[in-house]
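Okay, here's what each chain looks like letter by letter:
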Amino acid sequence: MIPVSNFLYLAAILFAIGLSAVLLRRNALIVLMGVELMLNAANLTLLAFARAHHDLRGHAIAFLVIATAAAEAAVGLAIVVGIFRTRHTANIDEVTLMKH
Amino acid sequence: MNPVRATVEIGPQAGMASGALILFWVFAVIAVAGALATVTRRNAVTAVVCLVGTFFAIAAEFLLLYAQFLAVIQVLVYAGAIMVLFVFVVMVVSRGEADPLWKLQGPVTKTVAVLAMGTLLWRGWHALRSFQPARIDPPPTGFGTVGGVGQVLLGDFLFPFEAISILLLVAVVGALVIARHHHDKDKAAQP
């Protein structure tokens, strides 16, 4: 059997990579991809613990997370398209309309 | 338990376990490599393709966790729907990034970043090290199948399940409203 901690380490690494994309990259699309990566890492953790405890509620929560991620991706990408229409950029450093 | 029976039990079990472990490492390497490639690509299309590979590898990891239903959903929703959405938006928005991929200004920022990252890694490492599960039994029948998950989803999780459908409806309408062309304004601008 694969130790469950293996999956937890993998999820932690994936989460850290996604977090670095969110914090460091300036391309809004890559930032959204980092968010998706973090959500996937969280799902992997949920399923690992569901496996360890033989509890299917973890699977149900992971399912809800996937549905929420789909909604988040749709709205997030729509916002990116909307910003690109008006500001002609996908760089999150240049979107400072509310700053002043 | 007599020793002969024990070896008989351990034999195929051990072989299967090492095979699963090899699969775990193969897909773990694919997932991490794809994730790293996603984060470091300048071209958004390449990043999307790498992310699709990562999602497939994660779906395989789900299978190793006996989460068959979630693995299929992962491929359908993530590698299918969400990534297609990403590809479309990349086609609309894509513009080469000339700047460096990331920049950290000043020594203070760098110091704080290194300290925060070190703390995160240290705490995460300890949290993971402290987790020692008891020996893991094979899951009960029906674990992770559509039937098993569906019973939980429509039992304990009925309200969140229904709320998610409303959330998806609101998200679809909201996305349409945000992203559509504003023809009225264009018409008003034209004489």
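Computed from a predicted structure; not experimentally measured. (Residues numbered from 1 in each chain as written. Chains lettered and ligands numbered in written order. Predicted model: local features only at pLDDT ≥ 70, side-chain atom pairs only at ≥ 80, totals over all residues.)

### Observations concerning the overall build of chain B
In step 1: Counting its secondary structure elements, chain B contains seven helices and zero strands.
In step 2: When the 191 residues of chain B are sorted by exposure, 23% land in the buried category.
In step 3: Here the contacts in chain B between residues at least 6 apart in sequence split such that 52% fall between residues at least 24 apart. (Helix = DSSP H or I, 4+ residues; strand = E, 2+ residues; numbered from the N terminus. Buried ≥ 20, exposed ≤ 12 C-beta atoms within 10 Å, placed from the backbone. Contact = placed C-beta atoms within 7 Å.)

### A look at the overall build of chain A
In step 1: Counting its regular elements, chain A contains three helices and zero strands.
In step 2: Moving toward the C terminus, one meets the helices and strands of chain A in the order α-α-α.
In step 3: For 100 residues, the compact-globule estimate of 2.2 N^0.38 gives 13 Å, and chain A exceeds it by more than 25% at 17 Å.
In step 4: The proportion of buried residues among the 100 residues of chain A is 52%.
In step 5: Here the contacts in chain A between residues at least 6 apart in sequence split such that 46% fall between residues at least 24 apart. (Rg over C-alpha atoms; globule rule 2.2 N^0.38 Å.)

### Quick notes on the nonpolar core
In step 1: Formed by 76 residues in total, the largest nonpolar core has its most connected members in Ala11(A), Leu14(A), Leu29(A), Leu47(A), Ala48(A), Phe63(A) and Leu70(B).
In step 2: Sorting elements by how many residues they give to this core places helix H2 (residues 28-53) of chain A first, with 15 residues.
In step 3: Those residues in contact with Phe63(A) that lie beyond four places of it in its chain are Leu70(B), Ile73(B), Val149(B) and Leu153(B). (Core = buried A, V, L, I, M, F, W, Y, C linked by C-beta atoms within 7 Å.)

### Details of the confidence of the model for chain B
Residue and element names in this part refer to chain B.
In step 1: Put simply, chain B has an average pLDDT of 81, and 78% of its residues get 70 or more.
In step 2: The element-level mean pLDDT for chain B is lowest in helix H7 (residues 183-189), coming to 56, with helix H2 (residues 44-64) highest at 93.
In step 3: Predicted confidence for residues 1-12 stays below pLDDT 50, and this span has one contact to residues more than four positions away or in other chains.
In step 4: Interface scoring of the predicted complex returns ipTM 0.91; its pTM is 0.84. (pLDDT = per-residue confidence, 0-100.)

### Some details on helix H6 (residues 158-179) of chain B
Given 3.6 residues per helical turn, the α-helix brings residues three or four places apart onto the same face.
In step 1: The terminal C-alpha atoms of H6(B) lie 32 Å apart, and with 22 residues this matches the ideal 32 Å at 1.5 Å per residue to within 8%.
In step 2: Taken residue by residue, H6(B) has Ile164(B), Ala171(B) and Ala175(B) as its buried positions. Along the axis of H6(B), the buried residues cluster in a sector spanning 25 degrees; they form a single face. H6(B) presents Leu158(B), Phe159(B), Glu162(B), Ser165(B), Ile166(B), Leu169(B), Val170(B), Val173(B), Leu176(B) and Val177(B) as exposed residues on the side facing more than 90 degrees away from its buried surface.
In step 3: Lining the buried residues of H6(B) we find helix H3 (57-87) of chain A. (Expected span 1.5 Å × (residues − 1). Arc of directions from axis to C-beta.)

### Side note on helix H1 (residues 4-24) of chain A
In step 1: End to end, H1(A) covers 30 Å across 21 residues, agreeing with the expected 30 Å (1.5 Å per residue, within 8%).
In step 2: Looking only at H1(A), the buried set comprises Val4(A), Phe7(A), Leu8(A), Leu10(A), Ala11(A), Leu14(A), Phe15(A), Ile17(A), Gly18(A) and Ala21(A).

### Remarks on the interface of chain B and chain A
In step 1: Contacts between the two partners involve 65 residues from chain B, matched on the other side by 55 residues from chain A.
In step 2: The element contributing the most residues to the side of chain B that touches chain A is helix H3 (residues 68-93) of chain B, with 13 residues.
In step 3: Taken together, the residues of the side of chain B that touches chain A sort by class into 54 nonpolar, six polar and five charged. (Nonpolar A, V, L, I, M, F, W, Y, C, P; charged D, E, K, R; others polar.)

### Some details on the packing of H2(A) against H3(A)
All names here are of chain A.
In step 1: Axis separation between H2 and H3 bottoms out at 9 Å; the angle between their running directions is 175 degrees. On the basis of their axis angle, the class for H2 and H3 is roughly antiparallel. Across the interface between the two elements, Ala-28, Leu-29, Leu-32, Glu-36, Leu-39, Ala-42, Asn-43, Leu-46, Leu-47, Phe-49 and Ala-50 of H2 pack against Gly-58, His-59, Ile-61, Ala-62, Val-65, Ile-66, Ala-69, Ala-73, Gly-76, Leu-77 and Val-80 of H3.
In step 2: Looking at the contact of H2 with H3 residue by residue, the class counts come to 17 nonpolar, four polar and one charged. (Axes fitted to C-alpha atoms, helices over the stretch in contact; angles between N-to-C directions. Parallel < 35°, antiparallel > 145°, perpendicular 65-115°, else oblique.)

### Some thoughts on unusual backbone geometry
The general pattern is negative phi for most residues beyond glycine and trans for most peptide bonds.
In step 1: In this structure, His54(A) is a non-glycine residue whose phi angle is positive, near 55 degrees.
In step 2: For His54(A), the position within the fold is in the loop between H2 and H3.
In step 3: Look at His54(A) and you get partly exposed, because 14 C-beta atoms sit within 10 Å.
In step 4: Phi angles above zero are rare outside glycine, and Tyr66(B) is one such case at about 65 degrees.
In step 5: By the secondary structure assignment, Tyr66(B) is in the loop between H2 and H3.

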